[in-house]
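Here is how the chains run, residue by residue.
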Amino acid sequence: MRLRWLVISAVCFTTTAWSADPAPSPDAPEKVVAYREKAMKAAANHLGLASMIAKGEIHRPSDMTLHAEALHDLGASFAALFPEGTGPDKVKSESKPDIWTQHDKFLAAAAAFETETQKLVDVAKTGDVAAYKAQTDKVGQACGSCHEPFRVEDEH
Amino acid sequence: MSCHSAPNGPPWAGGYAIETRFGTFYGPNLTPSSDGLAGWTAEDLRRALRDGRSPEGHAYWPAFPYASYTHLTDADIGDLWAFLATLPPALQADQPHARKGVATLPGAVAAWRLVGFHDRGPLPSPSDAGELWTRGQYLVEAVAHCGECHSPRSAVGAVQSRRALAGNDQPPAPAPNITPGALPWDAGDWTHFLASGMTPDGDVTGGEMYRVIRDGTSRLSEDDRAAMATYLRSVRPRGEPAASDEEEEEEAW
């Protein structure tokens, strides 16, 4: 009996967690946009630092995991940083409306970033700089494959 | 590939829309089908790329960047022809261009050719240019045709050579200034960007440039990317458009 309840609650929990519709946010849209832009910038900084190590411009092998984990942890919240009501129709943002009209595609792109950054974490722990470089390129491609359909490119 | 493949259509079968201030131009079908290049000869392709004319002799609109492709070598055009013949034929009729503004006027193409298409054939090469620089010049100016999007154009659409590669805020996409005046990137920054789309500050380009990297520069050899870097770092630095334009000399190199 107890087990049955456990299974039912597990199923309910999973269903809730998996429902794809972005919930509206209680926060001011401007603040959500400001936060996610800073989060993206933080990810860019970590990727830039990881690349310097990967390219051999600086010898900081002990930082490889730090940047990989930061990218992965930041990436885990990316999808949640785009709640309904924070698109360009409501607030000044470089986000394209397709984020919400093609939400499944957007979630898949966000998930791809998590996958590639998890691989970067795994590679970082081996200390193999060449493999780390190859994987930072993969992470970069994951960024680009989401920016391409979903971000308005600024001129500078 | 980017300009000849619609987002959800068969590759190389055309239909990609290039929005410009002269209207919307659609890339044609390049596959060897009756809607594409079936019936073309190698010479037809050479003429299209080198002279910007169709097999019937009419002039193409400059959305087809033949002002750059004119510099392609016969050997590369031959290779391109051999490659196009290997594509699976796709039946997809070409979409007519939707021209606007000056492009609707009679003689618009002829006018553009007069001002925007005069340097044909092999690129000029300074006698002291090294092999890497010359290769880079060829890749940037002919093959990758960077200047077609990254240079400002005049009212009739001619690339303004004095501000070549200094950026263009017009559609299809705002393309930034990529001269050393705006991008003080070292060779490693360039090759990494052309391979991955990642800028030195860790941002990753999206938009049109993402596709240029995905379908183009990421598939080049590392030597070719290094050659492009050498050339791009050597072009005359240009500041922002407001800078004293008049004082600058003719030509970027």
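Because the structure is predicted, anything quoted here is derived from the model rather than measured.

Just to check I follow, could you spell out a nonpolar patch on the surface for this structure?
Residues and elements named next belong to chain A. Together, L49, M52 and I58 make up an exposed nonpolar region whose accessible area comes to about 230 Å². Checked against the element boundaries, I58 lands in the loop between α2 (29-54) and α3 (64-76). The partly exposed category is assigned to I58, whose relative accessible area is 39%.

Sorry if this is basic, but what is going on with the pattern of salt bridges here?
For side chains of opposite charge, pairing can occur when their charged atoms come near one another. Enumeration over the complete set of coordinates arrives at 17 salt bridges over all chains. For A:K90, the salt bridge goes to A:D89, with nearest N and O atoms at 3.6 Å. Exposure class is identical for A:K90 and A:D89. Each is exposed. Measuring nitrogen to oxygen at the nearest pair gives 2.9 Å for the salt bridge that ties B:D224 to B:R135.

Honestly, the nonpolar core in this entry has me stumped. Any pointers?
Here is a general trend for soluble globular proteins: nonpolar side chains tend to be buried in one another's company. Counting 29 residues, the largest nonpolar core has A:L47, A:F113 and A:Y132 as its most contacted members. Within the residue set of this core, elements represented by two or more residues are α2, α3, α4 (98-101), α5 (103-126) and α6 (129-150) of chain A. If you tally residues by element for this core, the top one is α5(A), at 7 residues. In this view, A:Y132 contacts A:A50, A:A54, A:M64, A:H67, A:A68, A:L120, A:V123 and A:A124; residues no more than four positions away in its chain are not counted. Counting 18 residues, the second largest nonpolar core, distinct from the first, contains B:V140, B:I178, B:L183 and B:W190.

What is the right way to read helix α7 (residues 187-196) of chain B from this model?
Because an α-helix packs 3.6 residues into every turn, residues spaced three or four apart end up facing the same way. In terms of burial, α7(B) is a largely internal element, 8 of the 10 residues being buried. Buried residues along α7(B) sit against α2 and α6 of chain A together with α8 (207-215) and α9 (222-234) of chain B. Positive backbone phi, approximately 85 degrees, marks B:G197, located one or two places after α7(B).

Explain the domain arrangement of chain B here, please?
When the parts of a complex come together, some accessible area is lost, and that lost area is often taken as the interface size. All names here are of chain B. Each assigned domain of chain B is listed with its residue range as follows: domain 1 (1-122) and domain 2 (125-253). Computed from C-alpha atoms alone, the centre-to-centre distance between domain 1 and domain 2 is 22 Å. Taken residue by residue, the interface counts 21 residues in domain 1 and 19 residues in domain 2. Taking both sides of the interface into account, the surface hidden between domain 1 and domain 2 amounts to around 1600 Å²; carbon and sulfur atoms contribute 54%. At the surface where domain 1 touches domain 2, the tally comes to 0 salt bridges. At the junction of domain 1 and domain 2, the tally comes to 13 residue pairs in polar contact (both at pLDDT 80 or more). Put simply, the parts of the chain that give the side of domain 1 that touches domain 2 at least two residues each are β1 (17-20), α2 (66-69) and α4 (108-116). Looking at the side of domain 1 that touches domain 2 residue by residue, the class counts come to 12 nonpolar, 6 polar and 3 charged.

Help me understand the packing of α6(A) against α8(B) in this model?
The axes of two packed helices give the description: the angle between them and the distance between them. Where α6(A) meets α8(B), the axes come as close as 9 Å, and the angle between the chain directions of the two elements is 135 degrees. Comparing the axis directions of α6(A) and α8(B) gives the class oblique. For the crossing formed where α6(A) meets α8(B), the hand is left-handed. Each of A:Q141, A:G144, A:S145, A:H147 and A:E148 in α6(A) lies in contact with α8(B), whose residues at this interface are B:G207, B:Y210 and B:R211. The residue makeup of the contact of α6(A) with α8(B), split by class, is 1 nonpolar, 5 polar and 2 charged.

Before we go on, may I ask you to explain the packing of aromatic side chains in this structure?
A ring pair, where both rings are aromatic, is described by two values, the distance of the centres and the angle of the planes. Residue and element names in this part refer to chain B. Inspection of the entire model under this criterion finds 16 aromatic pairs over all chains. With centroids separated by 6.3 Å and ring planes inclined at 80 degrees, the aromatic side chains of W190 and F193 adopt a geometry described as edge-to-face. You can see W190 and its partner F193 sitting in helix α7, 3 residues apart, about one turn around the helix. Clustering of aromatic rings is evident, with ring pairs tying together Y60, F64, Y66, Y69, W112 and F117.

What is the right way to look at the interface of chain B and chain A in this model?
If you look at the interface, chain B gives 21 residues, while chain A gives 22 residues. Interface of chain B and chain A: buried area, both sides summed, is about 1700 Å²; carbon and sulfur atoms make up 53% of it. Of all residues in chain B, the largest losses of buried area upon contact with chain A belong to B:H192, B:V204 and B:Y210, amounting jointly to 28% of the total for that side. Linking chain B with chain A are 4 salt bridges, by the criterion used here. Along the contact surface separating chain B from chain A lie 4 residue pairs in polar contact (both at pLDDT 80 or more). The set of elements that each furnish at least two residues to the side of chain B that touches chain A consists of α7 and α8 of chain B. Of the residues in the side of chain B that touches chain A, the class split is 8 nonpolar, 7 polar and 6 charged.

Cut-offs used in this document
- Residues numbered from 1 in each chain as written.
- Chains lettered and ligands numbered in written order.
- Predicted model: local features only at pLDDT ≥ 70, side-chain atom pairs only at ≥ 80, totals over all residues.
- Heavy atoms only, no water.
- Patch = residues over 30% accessible without salt bridge, like charges linked within 9 Å, V, L, I, M, F, W, Y side chains within 5 Å.
- Areas by Shrake-Rupley, 256 points an atom, 1.4 Å probe, with all protein chains shown as cover.
- Salt bridge = Lys/Arg side-chain N within 4 Å of Asp/Glu carboxyl O.
- Helix = DSSP H or I, 4+ residues; strand = E, 2+ residues; numbered from the N terminus.
- Buried < 20%, exposed > 50% of the residue type's maximum accessible area, 1.4 Å probe, protein only.
- Core = buried A, V, L, I, M, F, W, Y, C linked by side-chain atoms within 4.5 Å.
- Contact = heavy atoms within 4.5 Å.
- Domains from an automatic or database assignment.
- Buried area = accessible area lost by both parts, 1.4 Å probe.
- Polar contact = N/O pair within 3.5 Å; in protein donor to acceptor, adjacent residues only side chain to side chain.
- Nonpolar A, V, L, I, M, F, W, Y, C, P; charged D, E, K, R; others polar.
- Axes fitted to C-alpha atoms, helices over the stretch in contact; angles between N-to-C directions.
- Parallel < 35°, antiparallel > 145°, perpendicular 65-115°, else oblique.
- Left-handed = near helix turned anticlockwise from the far one by under 90°.
- Phe/Tyr/Trp six-rings, centres within 6.5 Å; stacked < 30°, edge-to-face > 60°.

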